[in-house]
Amino acid sequence: MTDTVTLTIDGVELTVPAGTTILEAAATLGIEIPVICWHEATTANGLCRVCVVDEDGGRLLQPACIAGCRNGANIETRNERALRSRRTILEMLAASVDLGEAPEIEAAMADCAADPARFPEARAREHELIDDNPFYLRDYSQCVLCWRCVQVCAEDAQYTFALTLDGRGHDTQVSTAFDIPMTESPCVFCGQCVGVCPTGALKPKVEWGLEQGLAPEDIRSLTRAPRRRREE
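Since the model is a prediction, treat every value here as computed from it, not as a measurement.

K.L.:
Sorry, what's going on with the environment of Val174 here?
P.N.:
Its location among the elements puts Val174 in strand S8 (residues 173-175). When the C-alpha atoms of Val174 and Cys146 are compared, they prove to be 9.6 Å apart, with 28 residues separating the residues in sequence. If near-sequence neighbours (up to four positions away) are discounted, Val174 is found in contact with Tyr140, Cys143, Leu145, Cys149, Val150, Leu163, Thr164 and Leu165.

Here's what the structure looks like:
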């Protein structure tokens with residue numbers, strides 16, 4: 001087995017250590033491939049498929065975050081086949097999830113000219129704002145199910161296992177086990193889940209209060225008095 005592989009990405013030949021992913025190799029050339037589920041602090045799992053690229057001779061597009069570089073491969077990150085797939089995924093996502101606080105995803109949409117209006121009948125994810133602890137709010141209408149928070153709460157970092165997936169199909173959402181309040185879960189409020197969230201679905205209460213224009217005393221009250229769910 002060779003220690004390096006040589007391949008071409010967007011017309012540029014390069015040599016990288018064996019085991020390097022396409023995403024990592026592209027980054028060495030300054031080529032940015034959009035990602036949603038991938039994060040440097042979590043295990044790459046290829047869930048969202050936004051990072052797909054076209055490898056010559058391949059029947060399927062490859063998820064760059066987990067696909068390894070092959071010797072002699074010719075990779076196109078922005079040909080029409082890759083962009084069409086990326087565009088469709090982003091359009092369907094934006095048609096059903098509030099991405100108003102997801103600048104990286106919005107930038108990816110602009111880059112490939114994604115138009116959420118193509119799916120006017122998509123059913124939006126609607127969830128009440130969950131206020132059940134002194135530190136952060138959960139708004140799953142903004143959740144893209146990227147899995148980052150679940151991963152970082154589990155084996156990837158904290159080993160707390162406070163978060164999991166609940167429901168099926170369109171009704172799937174991140175939750176605590178049996179949907180118990182966060183204060184009754186194993187959560188230690190380390191904040192790592194908030195830090196890796198790409199959309200604002202998890203947000204510190206102080207930040208939320210400032211955005212709402214609350215007075216300092218009201219923000220202090222918000223962080224002292226958690227409720228199961230905040231009434232709109």
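Moving on from the coordinates now.
K.L.:
What is the right way to look at the confidence of the model for the chain in this model?
P.N.:
Should pLDDT be low for a region, the predicted coordinates there are not to be read in detail. For the chain, the mean per-residue pLDDT works out to 90, and 95% of the residues sit at or above 70. pLDDT under 50 marks residues 228-232. Its contacts with residues more than four places away, or in other chains, come to 15 contacts.

K.L.:
Just to check I follow, could you spell out unusual backbone geometry for this structure?
P.N.:
Trans peptide bonds make up the majority, and among non-glycine residues the majority have a negative phi. The residue Asp10 is not glycine, and still its phi comes out positive at about 50°. Mapping Asp10 onto the fold places it in the loop between strand S1 (4-9) and strand S2 (12-17). Exposure remark for Asp10: the relative accessible area of 29% places this residue in the partly exposed category. In the Ramachandran plot, Phe161 falls in the positive-phi region, its phi being about 60° despite a non-glycine side chain. Here Phe161 is to be found in the loop between helix H4 (148-153) and strand S7 (164-166).

K.L.:
Quick question: what am I supposed to make of a nonpolar patch on the surface here?
P.N.:
A cluster of nonpolar residues, Leu47, Trp147 and Leu165, forms a patch on the protein surface that exposes about 250 Å² of accessible area. Inspection of the secondary structure puts Leu47 in the loop between helix H1 (22-28) and strand S3 (52-55).

K.L.:
What is the right way to look at the sheet that holds S2 in this model?
P.N.:
In a beta sheet, neighbouring strands are held together by backbone hydrogen bonds and run either parallel or antiparallel to one another. Taken together, the 5 strands give an open sheet; going across it, the order is S2-S1-S5-S3-S4, and neighbouring strands pair in mixed fashion. The open sheet terminates on both sides in strands that have one partner only, identified here as S2 and strand S4 (62-63). Bridge count for S1 against strand S5 (residues 74-76) is 2 bridges, and the pairing is parallel. Bridging from a neighbouring strand, Thr8 pairs with Asn74 of S5. Running at roughly 160° to S3, helix H2 (residues 80-96) makes contact with S3 and S5 of the sheet.

K.L.:
Is there a simple way to think about the packing of aromatic side chains in this case?
P.N.:
Any aromatic ring pair is given by two values, namely how distant the centres are and how the planes are angled relative to each other. Within the structure shown, the criterion is met by 3 aromatic pairs. Seen from their ring centres, Phe135 and Phe189 are 5.0 Å apart, and the 45° between their planes marks the pair as tilted. A residue pair is termed long-range when its members are at least 10 positions apart, and Phe135 in the loop between helix H3 (103-111) and strand S6 (136-138) and Phe189 in the loop between S8 and helix H5 (192-196) qualify at 54 residues. Taking relative accessible area as the criterion, Phe135 reaches 46% and is therefore assigned partly exposed. What makes Phe189 partly exposed here is its relative accessible area of 25%. Grouping aromatic residues by their ring pairs yields a cluster made of Phe135, Tyr136 and Phe189.

Cut-offs used in this document
Residues numbered from 1 in each chain as written. Predicted model: local features only at pLDDT ≥ 70, side-chain atom pairs only at ≥ 80, totals over all residues. Heavy atoms only, no water. Helix = DSSP H or I, 4+ residues; strand = E, 2+ residues; numbered from the N terminus. Contact = heavy atoms within 4.5 Å. pLDDT = per-residue confidence, 0-100. Buried < 20%, exposed > 50% of the residue type's maximum accessible area, 1.4 Å probe, protein only. Patch = residues over 30% accessible without salt bridge, like charges linked within 9 Å, V, L, I, M, F, W, Y side chains within 5 Å. Areas by Shrake-Rupley, 256 points an atom, 1.4 Å probe, with all protein chains shown as cover. Salt bridge = Lys/Arg side-chain N within 4 Å of Asp/Glu carboxyl O. Pairing = 2+ DSSP bridges. Axes fitted to C-alpha atoms, helices over the stretch in contact; angles between N-to-C directions. Phe/Tyr/Trp six-rings, centres within 6.5 Å; stacked < 30°, edge-to-face > 60°.

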